[in-house]
Amino acid sequence: MAIETSCDETAVAILEDGRKIRSNIVYSQVAIHRPYGGVVPELASRRHVEVILPTVEEALKTAKVKLHQIDVFAVTQGPGLVGSLLVGICVAKAFSYSLKKPLVAVNHLEGHLMAIFLEKEIDFPFIGMVISGGHTNLYLVEDFLKFKGLGQTLDDAAGEAFDKVARLLNLPYPGGISIEALAKEGNANAISFPRPMLTKGEYNVSFSGLKTAVATYLKRHPEALIQDVAASFQEAIVDVLTQKAIQAALDLNVSRLVIAGGVAANGRLRHKMKMAADAHSLKIYFPRPELCTDNAAMIAVAGYNHFKNRDVASLDLDAFSRTLSHDYLTS
Ligand code: KG4
Ligand code: ZN
């Protein structure tokens, strides 16, 4: 069983043999945070406390197993909101201690990258890109538990840029889905927004300039069609992410890519990345959309790898809020 409470989703999943999903329950708090235009940490942790046990019960019921039949408990340790993470960690520790079953700590970003293994086995090495609300990280994944950081965002994460631009366009939170829907009605070539940081051999990205360019454009062109703004913004961010991922694969001579995290649910991104990968004869894999956004099945599959490697946690396990920049996947 895995428990994931790093942000605004309370999620519990049960896997069989570390791969087969028996249940994958995600209780989304979007409705609670929407009036504020973003996640309110205090409200998130309180809601996690209220719904975590019912979510565990639902996961057990769906999987048709009893709590005492669970062999290993995995939990997200970080990065995320500490108050939220602690709710999942306390529950996982209590189960592990009372049932005398091992506890495993999982890095949330590692979970995103491992989600693809819920659907297919991928050969190593591959270039892994996690594109979420809090992170835009590029890795060379050499094996299970062996990740080498190649680059990251220097400012806003890609999902954060979607959310901030959505707010500029008065679209509801979370912004990624709203922008994707609106962009379908717009012209992606209407406005030429900057494609920042496309220097060869440089895998960091920066999106705050793009966000500012959208804000400036809207001020100068109040008559602009928001469909065109949404489509042109989405096209710019997708182009940058595509170029970075493909370039890394070519430079490092790696033939496979795995793209994960909430933004990887974006249809335009999946399409353009697939076209670019095909053009270079690279294989590209995306978890299905509901396994791209936050869920606990991805934490379970990553947790299973740690368990197999005898990497179990002790009861003094603590949450961490950020991944240190020099060490992309601290665990
Ligand atoms: O991975 P995730 O569910 O949570 C974090 O770990 O942050 O990612 C959430 C982010 C949000 O910023 C949301 O706007 C974005 O992913 N997102 C999308 C789409 N669905 C979610 N961005 C673009 N297009 C989407 N379809
Ligand atoms: Zn996430």
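Every chain is numbered on its own, with residues counted from 1 as its sequence reads. Following the order in which they are written, the chains are lettered starting with A and the ligands numbered starting with 1. Only residues with pLDDT of at least 70 get local features here, since the model is predicted, and only at 80 or more are side-chain atom pairs given and counted; chain-wide, interface and lining totals rely on the full set of residues. To get the side-chain values, all heavy atoms of the structure are used, and hydrogens and water are removed first.

**Examining the domain arrangement of the protein**
Under the domain assignment used here, the protein contains domain 1 (2–112 + 292–308) and domain 2 (122–286). The C-alpha-based centres of domain 1 and domain 2 are spaced at 27 Å. The contact criterion used is simple: two residues touch if any of their non-hydrogen atoms lie within 4.5 Å. At the interface, 15 residues of domain 1 touch 18 residues of domain 2. In this description, buried area is defined as the sum, over both parts, of the accessible area (probe of 1.4 Å) that is lost when the two are combined. Contact between domain 1 and domain 2 buries roughly 1,400 Å² in total, counting both sides, with carbon and sulfur atoms accounting for 71%. Interface area lost by domain 1 to domain 2 is led by L109, H112 and C292, which between them contribute 39%. Salt bridge criterion: a side-chain nitrogen from Lys or Arg within 4 Å of a carboxyl oxygen from Asp or Glu. Counting across the interface, domain 1 meets domain 2 through 0 salt bridges. Pairs of N or O atoms within 3.5 Å make up the polar contacts considered here, provided that, within protein, one atom can donate a hydrogen while the other can accept it, and that residues adjacent in sequence are counted only when both atoms are side-chain atoms. At the surface where domain 1 touches domain 2, the tally comes to 3 residue pairs in polar contact (both at pLDDT 80 or more). Note on conventions: DSSP H or I runs of at least 4 residues are helices, E runs of at least 2 residues are strands, and numbering of each starts at the N terminus. Broken down by secondary-structure element, the contributors of at least two residues to the side of domain 1 that touches domain 2 are helix 4 (108–114) and helix 11 (297–308). Per element, the largest residue contribution to the side of domain 1 that touches domain 2 is 3 residues, and it comes from helix 4. Classification convention: Asp, Glu, Lys, Arg as charged; Ala, Val, Leu, Ile, Met, Phe, Trp, Tyr, Cys, Pro as nonpolar; all other residues, Gly among them, as polar. Residues that form the side of domain 1 that touches domain 2 fall into these classes: 5 nonpolar, 6 polar and 4 charged. Domain segmentation is taken from an automatic or database assignment of domains.

**Notes on the side chain of D8**
As for its placement among the helices and strands, D8 is situated in the loop between strand 1 (2–4) and strand 2 (9–16). Buried residues are those whose accessible area, probed at 1.4 Å on protein chains only, stays under 20% of the maximum for their type, while exposed residues exceed 50% and partly exposed ones sit between those limits. Only four residue types enter the tally: Lys and Arg on the positive side, Asp and Glu on the negative side; His and the chain ends are excluded. Despite its burial, D8 pairs with no opposite charge; the closest candidate is R34, at 9.2 Å N-O. Beyond its immediate sequence surroundings of up to four residues, D8 is in contact with Y27, S28, Q29, V30, H33, V39, H48 and Y173.

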